[in-house]
Amino acid sequence: MIIYGKKGSLILFYKDLLIGSFPLSNLKNYERYKYQGEYLILTSLKTIPIKLQIKTYESFCEMIYQRKKNKLGIYRRDYEMFLNCIFALIKFKKLNEEDSVFIVPKRKKTSNKGGPL
């Protein structure tokens with residue numbers, strides 16, 4: 001299921017499987033979601049080496065991928081962590097942003113007042 005906000009939806013893929021979506025709005029924009037991944041890296045750098053961070057993020061994404069592939073439930077907080085891991089891996093250049101993130105703008109409603117002629 002794709003979740004839309006006022007500005008559209010941010011859709012996340014992992015290994016060509018749609019994992020989840022997040023609403024886009026004025027407050028929850030693409031840059032804010034991207035910052036969450038960067039913040040995860042920065043807070044982890046104090047105690048966790050980069051190689052271990054990358055391995056951990058990849059392992060978490062793989063676990064979510066397997067759960068989605070096997071049609072098992074995924075908690076909302078796990079979707080949030082998945083989003084953070086995806087953006088962290090993109091920042092580390094371990095994932096290609098074009099293959100992992102897709103932005104769908106909200107369609108503008110068209111009025112068809114007159115109908116066909």
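Up top is the structure these notes are about.
If you're wondering where the values come from, they're calculated on a predicted model, not measured in any experiment. For every chain, the first residue of the written sequence is number 1, and numbering continues from 1 onward in sequence order. Predicted model: local features are reported for residues with pLDDT of at least 70 only, side-chain atom pairs are reported and counted for 80 or more only, and whole-chain, interface and lining totals are derived from all residues. By convention in this description, side-chain values take in all heavy atoms of the structure and omit both hydrogens and water.

(A) Molecular detail of the sheet that holds strand 1 (residues 8–14). Reading across from one edge, 2-1-3 is the order of the three strands in this open sheet, with antiparallel pairing throughout. Taken across any chain shown, the strands that pair with only one partner, and hence form the sheet edges, are strand 2 (17–24) and strand 3 (101–105). For this sheet the average axis-to-axis angle between neighbouring strands, irrespective of direction, equals 25°. The sheet contact formed by strand 1 and strand 2 spans two bridges and is antiparallel. Note that in strand 2 the partner of Tyr14 across the bridge is Leu17. Sheet strands touched by helix 1 (residues 30–44): strand 1, strand 2 and strand 3. Its angle to strand 2, the strand with the most contacts, is close to 120°. At least two bridges found by DSSP between two strands are what make those strands a pair. A run of H or I in DSSP becomes a helix once it reaches four residues, and a run of E becomes a strand once it reaches two; helices and strands are each numbered from the N terminus. Structural elements are reduced to axes, namely lines fitted to C-alpha atoms, with helices fitted over the stretch in contact, and the angle between N-to-C directions of any two is expressed from 0 to 180 degrees. For this analysis, residues touch if any pair of their heavy atoms sits within 4.5 Å.

(B) Examining the packing of aromatic side chains more closely. Here is the rule: rings of Phe, Tyr and Trp (six-membered ring for Trp) pair when centre to centre is within 6.5 Å. Planes less than 30 degrees apart are stacked, more than 60 are edge-to-face, and the remainder are tilted. Summed over all chains, the structure comprises five aromatic pairs. Ring geometry for Tyr14 and Phe82: centres 6.2 Å apart, planes at 85°, overall edge-to-face. Here Tyr14 is found in strand 1, whereas its partner Phe82 is found in helix 3 (residues 76–91), with 68 residues between them in sequence. Of the two residues, Tyr14 and Phe82, neither departs from the other in class, the shared state being buried. Aromatic rings pair up to connect Tyr14, Tyr65 and Phe82 into one cluster. In this structure, Arg77 is placed above the aromatic ring of Tyr75, and the distance from its NZ or CZ to the ring centre is 4.7 Å. Throughout this description, buried means an accessible area under 20% of the type-specific maximum (1.4 Å probe, protein chains only), exposed means over 50%, and partly exposed covers the range between. Working rule: Lys NZ or Arg CZ, within 6 Å of ring centre, within 35 degrees of ring normal, means a charge sits over the ring.

(C) Up close: the nonpolar core. Counting 28 residues, the largest nonpolar core has Leu10, Tyr57, Phe82, Ile86, Phe87 and Val101 as its most contacted members. Of all the secondary-structure elements, those providing two or more residues to this core are strand 1, strand 2, helix 1, helix 2 (50–69) and helix 3. With nine residues, the top contributor of residues to this core is helix 3. In contact with Phe87, other than residues within four places in its own chain, are Leu10, Tyr30, Tyr33, Lys34, Gly37 and Val101. Nine residue types can take part in a nonpolar core, namely buried Ala, Val, Leu, Ile, Met, Phe, Trp, Tyr and Cys, and a core is a set of them joined through side-chain atoms within 4.5 Å.

So, to be careful, I would describe these as geometric facts and stop short of saying anything about function.
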